[in-house]
Amino acid sequence: MSDLQRIEHAKLAVTDLEDARRFYTDAMGLVERGETDGTVYFGRGYDSNFDLAVTEGGTGIEHFAVRAIDSAAVDGYEERLRDRGVDTARVDGAEPGQRAGIRFELPGGVPMEIVAVEDEAYPHSNVSATDRAGHAPSAVDHIQFFTPDLDADLAFLRDAVGLHVSDLVGPRDDPENAFLRCNTLHHDIALKHKPELSETSLHHFAWGYDSIEHMKLFLDTVVGRGADFERGIGRHFAGDNLYAYFWEPGGNRFEMCAEMAEVKTTEPNHVVDYETATTAWGPGAPESFDEGSGLASED
Ligand SMILES: [Fe+2]
Ligand SMILES: [Fe+2]
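Residues numbered from 1 in each chain as written. Chains lettered and ligands numbered in written order. Predicted model: local features only at pLDDT ≥ 70, side-chain atom pairs only at ≥ 80, totals over all residues. Heavy atoms only, no water.

1. Overview of the overall build of the protein
In step 1: Regarding its fold elements, the protein presents five helices and 17 strands.
In step 2: Its C-alpha atoms give the protein a radius of gyration of 18 Å, near enough to 19 Å, the size a compact globule of 299 residues would have.
In step 3: The C-alpha extent of the protein, read off along each of the three principal axes, is 45 × 45 × 35 Å.
In step 4: Looking at the 299 residues of the protein, the share that counts as buried comes to 57%.
In step 5: Sequence-distant contacts in the protein: of pairs separated by 6 or more residues, those separated by 24 or more amount to 68%. (Helix = DSSP H or I, 4+ residues; strand = E, 2+ residues; numbered from the N terminus. Rg over C-alpha atoms; globule rule 2.2 N^0.38 Å. Buried < 20%, exposed > 50% of the residue type's maximum accessible area, 1.4 Å probe, protein only. Contact = heavy atoms within 4.5 Å.)

2. Thoughts on the nonpolar core
In step 1: Counting residues in hydrophobic clusters, the biggest one holds 65 residues, and the most contacted among them are Tyr24, Phe64, Ile114, Ile143, Leu157, Val161 and Ile189.
In step 2: Per-element tally for this core: the top contributor is helix α3 (residues 150-161), with six residues.
In step 3: Shared between two domains, this core holds at least three residues of each, these being domain 1 (4-118) and domain 2 (139-289).
In step 4: Ignoring any residue separated from it by four or fewer positions in sequence, one finds Ile143 in contact with Ile7, Ala10, Ile61, Phe64, Asp188, Ile189, Ala190, Leu202, His204 and Phe205.
In step 5: Core analysis: the next-biggest nonpolar cluster, separate from the first, contains six residues, Phe179, Ala190, Ala238 and Ala277 among them. (Core = buried A, V, L, I, M, F, W, Y, C linked by side-chain atoms within 4.5 Å. Domains from an automatic or database assignment.)

3. Describing the coordination of the iron ion (ligand 2)
In step 1: The protein atoms donating to the iron ion (ligand 2) are His142 (NE2), His204 (NE2) and Glu255 (OE), with metal-donor distances spanning 1.9 to 2.1 Å.
In step 2: Each donor residue of the iron ion (ligand 2) lies on the same chain, and together they follow the pattern H-x61-H-x50-E. Here His142, found in strand β9 (residues 139-147), pairs with His204, found in strand β13 (residues 201-208); they are 62 residues apart in sequence, far enough to count as distant. (Donors = N, O, S within 2.8 Å, 3.2 Å for Na, K, Ca; no water.)

4. A short note on the sheet that holds strand β14 (residues 228-235)
Strand pairing in a sheet relies on backbone hydrogen bonds, with the paired strands running either antiparallel or parallel.
In step 1: Strand order in the open sheet formed by nine strands is β14-β15-β16-β13-β9-β12-β11-β10-β17, with mixed pairing between adjacent strands. Because the sheet does not close on itself, it has two edges, and the strands there are β14 and β17 (269-271). Sheet twist, expressed as the average angle between the axes of neighbouring strands with direction ignored, equals 20°.
In step 2: Against the sheet, α3 makes contact with β9, β10 (164-169), β11 (177-181) and β12 (189-193), and its axis sits at roughly 160° relative to β12, the strand it touches most. (Pairing = 2+ DSSP bridges. Axes fitted to C-alpha atoms, helices over the stretch in contact; angles between N-to-C directions.)

5. A closer look at the coordination of the iron ion (ligand 1)
In step 1: Ligation of the iron ion (ligand 1) by protein atoms is provided by His9 (NE2), His63 (NE2), Glu95 (OE) and Glu113 (OE), these donors lying 1.9 to 2.1 Å from the ion.
In step 2: Coordination at the iron ion (ligand 1) comes from four donor atoms whose angles at the metal span 103 to 114°, giving a geometry best classed as tetrahedral.
In step 3: For the iron ion (ligand 1), the donor residues sit on a single chain with the sequence spacing H-x53-H-x31-E-x17-E. Here His63, found in strand β5 (residues 60-68), pairs with Glu113, found in strand β8 (residues 111-117); they are 50 residues apart in sequence, far enough to count as distant. (Tetrahedral: all angles 85-135°; square planar, octahedral: opposite > 155°, others 65-115°.)

6. What to know about α3
In step 1: Relative to the 16 Å expected for 12 residues at 1.5 Å per residue, α3 spans 15 Å between its end C-alpha atoms, a close match to the ideal helical length.
In step 2: Where α3 terminates, the next one or two residues include Gly162, which has phi positive at roughly 95°. (Expected span 1.5 Å × (residues − 1).)

7. Brief notes about the side chain of Asp153
In step 1: Take Asp153: it is sitting in helix α3.
In step 2: Although Asp153 is buried, it forms no salt bridge, and the closest oppositely charged side chain is Arg158 at an N-O distance of 12 Å.
In step 3: Beyond its immediate chain neighbours, meaning those up to four positions away, Asp153 contacts Leu106, Pro107, Gly108, Thr147, Leu191 and Thr200. (Lys, Arg positive; Asp, Glu negative; His and termini not counted. Salt bridge = Lys/Arg side-chain N within 4 Å of Asp/Glu carboxyl O.)

8. Description of the pattern of salt bridges
In step 1: Counting across every chain of the model gives 21 salt bridges.
In step 2: Where Arg158 meets Asp159, a salt bridge forms, and the shortest distance between an N and an O atom there is 2.8 Å.
In step 3: Among the residues examined, Arg158 registers a relative accessible area of 37% and is labelled partly exposed.
In step 4: By relative accessible area, Asp159 is classed as partly exposed at 40%.
In step 5: Between Arg253 and Glu230 there is a salt bridge, with its nearest N and O atoms 2.7 Å apart. Here Glu230 lies in strand β14 and Arg253 lies in strand β16 (residues 253-258), a separation of 23 residues in the sequence. Grouping residues by exposure puts Arg253 and Glu230 together as buried.

Encoded structure:
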């Protein structure tokens, strides 16, 4: 088992903070976990941790974090990255509930954190926050970027951070997609090559659901209340997960995800092309899928 668990949180920029706040709480059923200096924190309500932080001004990813098993593991990753010449900064306690953390940058420009949290409890449905809606997502699932240099980001995440590669898509010596995992779920971070970009752009932030029934209930609740439905429901071949995609009113794409495969081999699988990897059944990618929401500058 890896010392890294899963995606812990992401911070995104949104065009209108109040529109976004209303959608996340009233429509999605998330729970507000605090506000500091213009950043608002939201969680699923199964524990006291936040899953999504947002700040007003533009769109896109500001940073994302994966959870380490404890503070000692964070220290271990700090040493590992420094040994490999990577600049890291401590962010202990910089965000609510974060016991320890380090921050560094992917080659494509996205800040990434490895954090340990104060509330390590596993979910108990009967003691979740009372203002958490029953249709709210169950988990933070994964994140996908358009990157101008897939080879560099892939090599960094695999060799410096130590993530496993689950799937490579396209030519083996020049992949167009890569799926990387912290632990056993098929992907925590997915990369799509887009060489015309000068910096990384957020493609989607994905939430986890218990079943296709849960996804249906969520969609019935949020579409028409701020969610702009884009694609799905279908099944991806790479990762085997059920998917649906929508744009949230803040200007970023969210994915809904269920049934992601577990992978326990060290050798990457290979899928011949993007269409095969992304469409086991259901609709292919619409033209709008070629858009990302960008990279937000740090405060
Ligand atoms: Fe963070
Ligand atoms: Fe995804």
